[in-house]
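# Architecture at a glance
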Protein chains: 2
Amino acid sequence: MCRGTAHLYFMLMDNSTHVVIIAGGIGSRLWPASTPETPKQFIDVLGVGKSLIQLTVDRFRPLCDPSRFWVVTSSGYTDLVREQLPEIPEENILAEPEARNTAPCIAYSCWKIASSHPDANIVFTPADALVLNRDVFTGVIKSALEFSASREAVVTVGVMPTRPETGYGYIQVSGAGTGKVTKVISFREKPDLATAKAYLADGNYLWNAGIFVWNARTVVSQFRKYSPGIAAVMDRLAPHLDTPGENAALKELFPQCEKISIDYAVMEKSPDIYVIPAELEWSDLGSWSSVKSHASQDADGNSVVGGDIRLFNCRNSMVHLPAVRKAVIEGLDGYIVAEKGGALLICRLADEQNIKEYSADK
Amino acid sequence: MCRGTAHLYFMLMDNSTHVVIIAGGIGSRLWPASTPETPKQFIDVLGVGKSLIQLTVDRFRPLCDPSRFWVVTSSGYTDLVREQLPEIPEENILAEPEARNTAPCIAYSCWKIASSHPDANIVFTPADALVLNRDVFTGVIKSALEFSASREAVVTVGVMPTRPETGYGYIQVSGAGTGKVTKVISFREKPDLATAKAYLADGNYLWNAGIFVWNARTVVSQFRKYSPGIAAVMDRLAPHLDTPGENAALKELFPQCEKISIDYAVMEKSPDIYVIPAELEWSDLGSWSSVKSHASQDADGNSVVGGDIRLFNCRNSMVHLPAVRKAVIEGLDGYIVAEKGGALLICRLADEQNIKEYSADK
């Protein structure tokens, strides 16, 4: 107990911890609630009074002072970030000149943090995922930070799967002990259903939560080894960081980075990748069905987010409307009804994979 | 041919014809497209680019100069009338101080018209019904006007029924010859289905279109005989008509009128009631189903009014949205989807009789 308390005290006070929230997604999957103008991370998907990025900050607050939170987003969203996260210093809101996937995004934010905090130990996290059991999560991230602080190691979070989910990537381990750091054997792309069932039965495959914990020196070192092109761009950018010329240099150099995910750029090449298996109620909220499964439900299995919404003879349906909307909805079973910014969607949940095609600009 | 042309010429030039559009309804049946703020007569129910009251004026224009159109409405709607019908003289827009059903409304507008046009021959018509075959309709109204011009007679329009409709009142005749003025035997309230079927089989029952054609002297005379209370109120109002004191007198006297329909006040008591049976495609558009049956339909039986509305796997559904709305609607069969002014309705057409209850203010 005594050691635990001291350990907690050490972690809470550890000024080397930084949290980088990656918030560049344009979020077409929850259309029309999520749109390129206001993607999913900035909306109150679950009707809890906070956007997903605000929930993400809440989740990491026990581990890190707001002055050491960073957000990387595209320039179109910096106003939204400032508005929704006023506690984060304005200079910690980093705007990518253009979207070049996660590897350049992580490299830039790391080089940037390292220029003023060379000893930083950094958590990179998506802005738009959901974790329900926060205490477990806090413990997992603490363990990851402790492990990554003094090693050349990238620690990821692997969620113990509860169903043969085909919408997530998987992390293969050899023997997954909850809460213990273990070596990653391989990363696996989103599987088909048969493969997902085999993963679940096998027990050594975890959902990839897209969280990476590594110290700044490790990030730089891993990029130099496995993605030297991006590292070279960042080294050219380095002299301009925290100077009046940063933005101009970023605008010129950032687009020269290869457009590649951190998984391909580093994770799948490096032997230094670890994972902490965790029993988390976690979701990427990547579909209306997954939102529905995490929103509160009435006795008939309906989830309602919005204002004056009256359901009659409805079952297993998800309704997501602006708070000002009055709605009467009758006779739906297994539907999504969503509206925002002048766009209305009514669709069977079973057919939601077609929403993108249905809503595409003609 | 020659006689017909001369007859048409006479009718078109007949300056005694006046048309009174009764536009006081608050229209809860097509919620949320129709609301107390903007009831059905003022909206483009069918997506044809004109509201029902504009279509009503269009329908009567071959018979009457705009200077002899009158609209009786409640004071809350006079701005809407002015906006939608700029060709009607402002002084012909009459505002009832309060809703007291159709008898006081008809009496007031008749006494008002008669004060400047004692020889007026008047058509009273609802503002919110639909007639598709206009030429037939024009002929019927001409015949009615010709008949009522010089007789103490009220001529109604009886639509030849095409189905056992339970939503309309009926007019009983003895032998219904299309286009010929015939005596009314009785008015019948909305029947149950068995009665409606018997009416249809009998052949002597017509749908009551709620149109009354009578000259101003007949209106006054019939009110004196069958609704002397209302006639007495109007006689007290008469000296104030077309004076600066009209509104004040109206405000004091009109509410003293019995709240009663013209059917009960006059039609069911008088022996002087006639009807012209007409083969008209006519509807009171009193339900979403009836709107749907008169709106254009795609190959799957869907009727769509609105802007960028995309249907997938939908059948037999009615969609009525504001022109600015983008919508994707998937997997509905037999539904109404309607929205206006911040209120959304999704309901099975088969259950639409419950809309009023569903949408009632809690």
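In this text, all values refer to a predicted model and were calculated from it rather than measured experimentally. (Residues numbered from 1 in each chain as written. Chains lettered and ligands numbered in written order. Predicted model: local features only at pLDDT ≥ 70, side-chain atom pairs only at ≥ 80, totals over all residues. Heavy atoms only, no water.)

### Things to note about the sheet that holds strand S17 (residues 335–340) of chain B
Across the sheet, which stays open at both edges, the six strands sit in the order S13(A)-S15(A)-S18(B)-S17(B)-S15(B)-S13(B) with mixed pairing between neighbours. The two strands at the open ends of the sheet, each matched to only one other strand, are strand S13 (308–312) of chain A together with strand S13 (303–305) of chain B. Along the sheet, successive strands turn relative to each other by an average axial angle of 5°, direction set aside. Sheet topology note: the S13 of chain B/strand S15 (residues 318–320) of chain B ladder contains three bridges and is parallel. Paired with valine 304 of chain B across the strands is valine 319 of chain B, a residue of S15 of chain B. (Pairing = 2+ DSSP bridges. Helix = DSSP H or I, 4+ residues; strand = E, 2+ residues; numbered from the N terminus. Axes fitted to C-alpha atoms, helices over the stretch in contact; angles between N-to-C directions.)

### Remarks on the packing of aromatic side chains
Where two aromatic rings form a pair, the distance of their centres and the angle of their planes describe that pair. Summed over the entire model, instances satisfying the criterion amount to 24 aromatic pairs over all chains. Centre to centre, the rings of tyrosine 358 of chain A and phenylalanine 312 of chain B are 3.9 Å apart; their planes meet at 25°, and the pair counts as stacked. Pair noted here: tyrosine 358 of chain A is in helix H12 (residues 355–359) and phenylalanine 312 of chain B is in strand S14 (residues 308–312), and the two residues belong to different chains. Residue class for phenylalanine 312 of chain B comes out partly exposed when judged on its relative accessible area of 22%. Taking 4.9 Å as the distance between ring centres and 55° as the angle between the ring planes, the aromatic pair formed by tyrosine 170 of chain B and tyrosine 199 of chain B counts as tilted. In this pair, tyrosine 170 of chain B sits in strand S7 (residues 170–172) while tyrosine 199 of chain B sits in helix H6 (residues 193–202), placing the two residues 29 residues apart along the sequence. For the pair tyrosine 170 of chain B and tyrosine 199 of chain B, a shared accessibility class is recorded, and that class is buried. Above the ring of phenylalanine 137 of chain B, the side-chain terminus of arginine 59 of chain B is found at 5.6 Å from the ring centroid. Positioned above the aromatic ring of phenylalanine 147 of chain B is the side chain of arginine 151 of chain B, whose terminal nitrogen or guanidinium carbon lies 3.9 Å from the ring centre. (Phe/Tyr/Trp six-rings, centres within 6.5 Å; stacked < 30°, edge-to-face > 60°. Buried < 20%, exposed > 50% of the residue type's maximum accessible area, 1.4 Å probe, protein only. Lys NZ or Arg CZ within 6 Å of the ring centre and 35° of its normal.)

### Brief notes about the nonpolar core
Grouped together as the largest cluster of nonpolar side chains are 47 residues, with contacts concentrated most on Ile106, Phe124, Trp214, Phe223, Met234, Ile262 and Met267 of chain A. Looking at which element gives the most residues to this core, the answer is helix H4 (residues 102–116) of chain A, with eight residues. Those residues within four positions of methionine 234 of chain A in sequence are excluded, and the remaining contacts are Pro104, Ala107, Tyr108, Trp111, Phe254 and Cys257 of chain A. Membership of the second largest hydrophobic core comes to 46 residues, among which are Leu94, Met234, Leu253 and Cys257 of chain B. (Core = buried A, V, L, I, M, F, W, Y, C linked by side-chain atoms within 4.5 Å. Contact = heavy atoms within 4.5 Å.)

### Some points on the relation of the copies chain B and chain A
After a rotation of 179° and a shift along the axis of 0.0 Å, chain B superposes on chain A with an RMSD of 0.0 Å. Both copies of the chain, as the preceding transformation shows, are related through a two-fold rotation axis. Interface residue correspondence from chain B to chain A reaches 100%, placing this contact among same-surface, isologous pairings. (Least-squares fit on C-alpha atoms with pLDDT ≥ 70 in both.)

### Observations concerning the pattern of salt bridges
Taken as a whole, this structure holds 38 salt bridges over all chains when the rule is applied. Across the pair glutamate 87 of chain A and arginine 61 of chain A runs a salt bridge whose closest N-O atoms are separated by 2.3 Å. On the criterion of sequence distance, the pair formed by glutamate 87 of chain A in the loop between helix H3 (78–84) and strand S3 (93–96) and arginine 61 of chain A in the loop between helix H2 (52–60) and strand S2 (69–74) is long-range, its members being 26 residues apart. Since its relative accessible area comes to 36%, arginine 61 of chain A is described here as partly exposed. Across the pair arginine 163 of chain B and glutamate 165 of chain B runs a salt bridge, and its minimum N-O distance is 2.9 Å. What emerges from the salt-bridge pattern is a single network uniting Lys50, Asp58, Arg61 and Glu87 of chain A. (Salt bridge = Lys/Arg side-chain N within 4 Å of Asp/Glu carboxyl O.)

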